[in-house]
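# Examining the three-dimensional arrangement
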2 protein chains.
Amino acid sequence: METYDIFLDLAIIIAGAKFLALVARKFHAPQVVGMIAAGLIIGPSCFGIVRQTAFLSNMAEIGVVLLMFSAGLETNLRDLVKTGPKAVAIACSGVFIPLIAGAIYFFCFYGFAPVGSDSFLEGIFVGTIMTATSVSITVQTLKELGKINSLVGTTIVSAAIIDDIIGIIVLTVVIGFKSGNADVGKTFINICLFFAFSIIVGYILYKGFRYIEKKWPHTRRIPIMGLTLCFVMAYVAEAVFGIADITGAYFAGIILCNTRASEYIDEKMNISSYMLFGPVFFASIGLKTNITAINSSILLFSVGFIIVALLGKIIGCGLVGRMCGFKGNDKYKIGVGMMTRGEVALIVAQKGLAAGMVDSVYFASVILLIVVSSVATPILLKLLFSKDAEAEAAA
Amino acid sequence: METYDIFLDLAIIIAGAKFLALVARKFHAPQVVGMIAAGLIIGPSCFGIVRQTAFLSNMAEIGVVLLMFSAGLETNLRDLVKTGPKAVAIACSGVFIPLIAGAIYFFCFYGFAPVGSDSFLEGIFVGTIMTATSVSITVQTLKELGKINSLVGTTIVSAAIIDDIIGIIVLTVVIGFKSGNADVGKTFINICLFFAFSIIVGYILYKGFRYIEKKWPHTRRIPIMGLTLCFVMAYVAEAVFGIADITGAYFAGIILCNTRASEYIDEKMNISSYMLFGPVFFASIGLKTNITAINSSILLFSVGFIIVALLGKIIGCGLVGRMCGFKGNDKYKIGVGMMTRGEVALIVAQKGLAAGMVDSVYFASVILLIVVSSVATPILLKLLFSKDAEAEAAA
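One structure accompanies this document, and this report is about it. (Residues numbered from 1 in each chain as written. Chains lettered and ligands numbered in written order. Predicted model: local features only at pLDDT ≥ 70, side-chain atom pairs only at ≥ 80, totals over all residues. Heavy atoms only, no water.)

### Description of the state of the cysteines
What the rule picks out here adds up to 0 disulfides over all chains. This cysteine, Cys317 of chain A, is not joined by any disulfide, and Cys92 of chain A carries the nearest cysteine sulfur, 10 Å off. (Disulfide = S-S within 2.5 Å.)

Structure follows, in structure tokens:
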């Protein structure tokens, strides 16, 4: 591959993503749906013009990290603290209900297996695959709707982050069952250390930033330092503490969200995001997917798998959301906002495959789940928010 | 290498480049010198913290393409047409004088060889290596000084572009001498076709853009379409016509420079450039360089090589610049602006190595030439422009 090939790939992706995003908007669907569809159309599922390369997947990773950084920057810290306990409750329920429901579905489909047998562990693992929420599409939709810093928005984003963290613990435990070597203690300590690290470093940097933004307001160094912090936190989270890079980037945003420069940084970030990295990230979800490889028997299993996975999150998160005081459509928003699955589900499936716990046949189901949830979540979320807006306008 | 490693690399590059750029500014040197120095310091020449990867070199390529697109956008089309013939004259002289001077230097150093012998061709090729101006550092410096759309600025940029094109023809001819298979005609036709293609496509797109910017002014689709055009032209130039991608990107900028949206597009582009792609590009010049591999005998040859290469351009371009009516310091600005060498010189050397015309030992000289000219050009240009500003203020 020659260097100049990247320019053709990028041109096709950004033009296709923007065009289909505008088409999606024309039909009152969120633009992110159009960008994912662009990836499906130009990717191996349809025309196969653009292939996923190492370079594009790195660009996509920068895209999702910038997106989560921006979500952190737009967070209302007071709301975050207020929703913290609720988010933990929603995340727990959103992990365990799909986990149990997924395992039960597996046993219903293939017959119950004795506790501790390989087939039993396989069922548990199929449930584990269902636990990982991928918040990026929800975040993008909430940003489009201007609801990212609403109470519901903050709750969903923080619940999804906590969901990720509980998901890591569950994955470690379940793989530990197989290998008899569960390093749950170490994982848990790492997570606590990351939180402590973020709070201490965050407080020092927050004070430093306050000083800098007062001394040199609205200079280029401010967003550059913000971006540096974002990248460093993304790296440290994953390389040092074994937590997803997007969690680190979100924390970087939280650290800066109460500084006066946060809006300025966010504005500059958003331009790089919407011009290049965002379209590449969302299109690459479609690019990574090859739906032509799916046959009818896999499809049958997948239909149930998808229903259980989506309902598991809607019920699991919505119910606890309601118990936490989210009334009316808000509880559904939380359930729907938490139901998207993304590459994390594929990574979990990959880890299960590597540990010899599940067959590669489930990859097709996971891919279908990603496609269906990626397209359904933004549409449903927009519907729920616009219904409330209508009701408010009528009142 | 894990995906998250890219975040550490990027964080070190953008923080280091910005910090040293500010230090450079403190000492009244252009910021680009600081960014290149950052690459030297974090790269293999000094601490070796960051290594040049395929990903970083792709990011750098995007960086230089965006830079040239921006230079095109900021061009004054009327000035370009006016300076066109002068730029051609300057470029011709700037190619042939270093070519001849370089060959003569080689023969002085190693003794004259009979015409047509391998050693004779080696001398000619050493001269050929000296022909390629790399305009990116000059463009960045002119942008910093706010002189990119001055008459001198436009002349330098268009002369450097033409220089590139004449350089390709010379390279084809010289390599053709060796292989006896010079496809000069094809190269020349390709270049003419690219010009014709740019003018026709450019005119149609210009009309299209005028319509779009009137219908949807200041919407996100405008810069996205501009960026798409930039990437497509960069790709087409290199993949279809065999011309450098940066030339295509510059033409894309020229196509749009007379639309009303050009400033809006440029503003959005510049943010991505200064936040991420620009620092990566300039730091990667330093990253690619390992000055520790240079010994004393190479150094001796290199000192003369550098002097001849720099003076060849200053005299070659400055003299013709003066004949074209650039008086006072302006002729020196043109000479100095054209003397920077960059990766193109390395690519030429690489092609010569592949064709069996030169030894790899000259790589060290080329690298030293790149470092010296990259650091000297911005400093000298700034000095020349500030002298004129002082003289104006005094008058």
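### Quick word on the relation of the copies chain B and chain A
Superposition of chain B onto chain A requires a rotation of 180° combined with a translation of 0.0 Å along the rotation axis, giving an RMSD of 0.1 Å. What the rotation and shift describe, once combined, is the action of a two-fold rotation axis. In this assembly the copies share their binding face: 100% of the residues contributing to the interface of chain B also contribute to that of chain A. (Least-squares fit on C-alpha atoms with pLDDT ≥ 70 in both. Contact = heavy atoms within 4.5 Å.)

### Notes on the environment of Met275 of chain A
Here Met275 of chain A is to be found in helix α11 (residues 262–287). If sequence neighbours within four positions are ignored, Met275 of chain A has contacts with Ile14 of chain A together with Pro223, Ile224, Leu227, Lys268 and Met269 of chain B. (Helix = DSSP H or I, 4+ residues; strand = E, 2+ residues; numbered from the N terminus.)

### With respect to the environment of Thr259 of chain B
Residue and element names in this part refer to chain B. Structurally, Thr259 can be placed in the loop between α10 (245–257) and α11 (262–287). With a relative accessible area of 4%, Thr259 lands in the buried category. Apart from the residues within four sequence positions on either side, Thr259 is in contact with Tyr206, Phe209, Arg210 and Glu213. At 2.7 Å, the side chain of Thr259 and the backbone oxygen of Leu256 are in polar contact. (Buried < 20%, exposed > 50% of the residue type's maximum accessible area, 1.4 Å probe, protein only. Polar contact = N/O pair within 3.5 Å; in protein donor to acceptor, adjacent residues only side chain to side chain.)

### Quick notes on the packing of helix α5 (residues 118–129) of chain B against helix α14 (residues 343–354) of chain B
All names here are of chain B. Direction vectors running N to C along α5 and α14 enclose 160°, while the axes themselves pass 9 Å from each other. With respect to their mutual orientation, α5 and α14 come out roughly antiparallel. Viewed along their axes, α5 and α14 form a crossing whose handedness is right-handed. On α14, the residues that touch Phe125, Thr128 and Ile129 of α5 are Ala345, Val348, Ala349, Lys351 and Gly352. Its residues assigned to classes, the contact of α5 with α14 shows 5 nonpolar, 2 polar and 1 charged. (Axes fitted to C-alpha atoms, helices over the stretch in contact; angles between N-to-C directions. Parallel < 35°, antiparallel > 145°, perpendicular 65-115°, else oblique. Left-handed = near helix turned anticlockwise from the far one by under 90°. Nonpolar A, V, L, I, M, F, W, Y, C, P; charged D, E, K, R; others polar.)

### Considerations on the side chain of Ser284 of chain A
Residues and elements named next belong to chain A. One can find Ser284 in helix α11. Overall, Ser284 belongs to the buried group, its relative accessible area being 1%. Ignoring anything within four residues of it in the chain, the contact list for Ser284 reads Gln52 and Ala60.

### Concerning the interface of chain B and chain A
Listed as interface residues are 40 residues of chain B and, on the opposing side, 40 residues of chain A. When the buried surface of chain B facing chain A is broken down by residue, Phe7, Tyr274 and Met275 of chain B rank first, second and third, together holding 17% of it. Between the two partners, chain B and chain A, sit 0 salt bridges. The tally of links from chain B across to chain A stands at 1 residue pair in polar contact (both at pLDDT 80 or more). Every element with two or more residues in the side of chain B that touches chain A is listed here: α1 (5–26), α3 (54–73), α9 (221–239) and α11 of chain B. Here the residues of the side of chain B that touches chain A sort into 27 nonpolar, 4 polar and 9 charged. (Buried area = accessible area lost by both parts, 1.4 Å probe. Salt bridge = Lys/Arg side-chain N within 4 Å of Asp/Glu carboxyl O.)

### Some words on the packing of aromatic side chains
Counted under the stated rule, the structure contains 38 aromatic pairs over all chains. Grouped by ring-pair contacts, the aromatic residues Tyr105, Phe106, Phe107, Phe109, Tyr110, Phe112, Phe120, Phe301 and Phe305 of chain A constitute a single cluster. The lysine or arginine in question, Lys86 of chain A, covers the ring of Phe326 of chain A, its NZ or CZ lying 5.5 Å from the ring centre. The cationic tip of Lys333 of chain B hangs over the ring face of Phe385 of chain B; the distance from NZ or CZ to the ring centre is 4.3 Å. (Phe/Tyr/Trp six-rings, centres within 6.5 Å; stacked < 30°, edge-to-face > 60°. Lys NZ or Arg CZ within 6 Å of the ring centre and 35° of its normal.)

### Focus: a positive patch on the surface
On the surface, Lys207, Arg210, Lys214 and Arg260 of chain A cluster together into a positively charged patch. Relative to the elements of secondary structure, Arg260 of chain A occurs in the loop between α10 (245–256) and α11. (Patch = residues over 30% accessible without salt bridge, like charges linked within 9 Å, V, L, I, M, F, W, Y side chains within 5 Å. Areas by Shrake-Rupley, 256 points an atom, 1.4 Å probe, with all protein chains shown as cover. Lys, Arg positive; Asp, Glu negative; His and termini not counted. Charge placed at Lys NZ, Arg CZ, Asp CG, Glu CD.)

### Focus: the nonpolar core
Grouped together as the largest cluster of nonpolar side chains are 279 residues, with contacts concentrated most on Met59, Ile62 and Phe231 of chain A together with Ile62 and Phe231 of chain B. Apart from residues no more than four positions distant in its own chain, Phe231 of chain A is found in contact with Ile62, Val65 and Leu66 of chain A together with Phe7, Leu10, Ala11, Ile14 and Leu276 of chain B. (Core = buried A, V, L, I, M, F, W, Y, C linked by side-chain atoms within 4.5 Å.)

### Side note on the pattern of salt bridges
Using the criterion set out here, one finds 9 salt bridges over all chains in the structure. Among the charged side chains, a salt-bridge network with shared partners connects Asp330, Lys333 and Asp388 of chain A.

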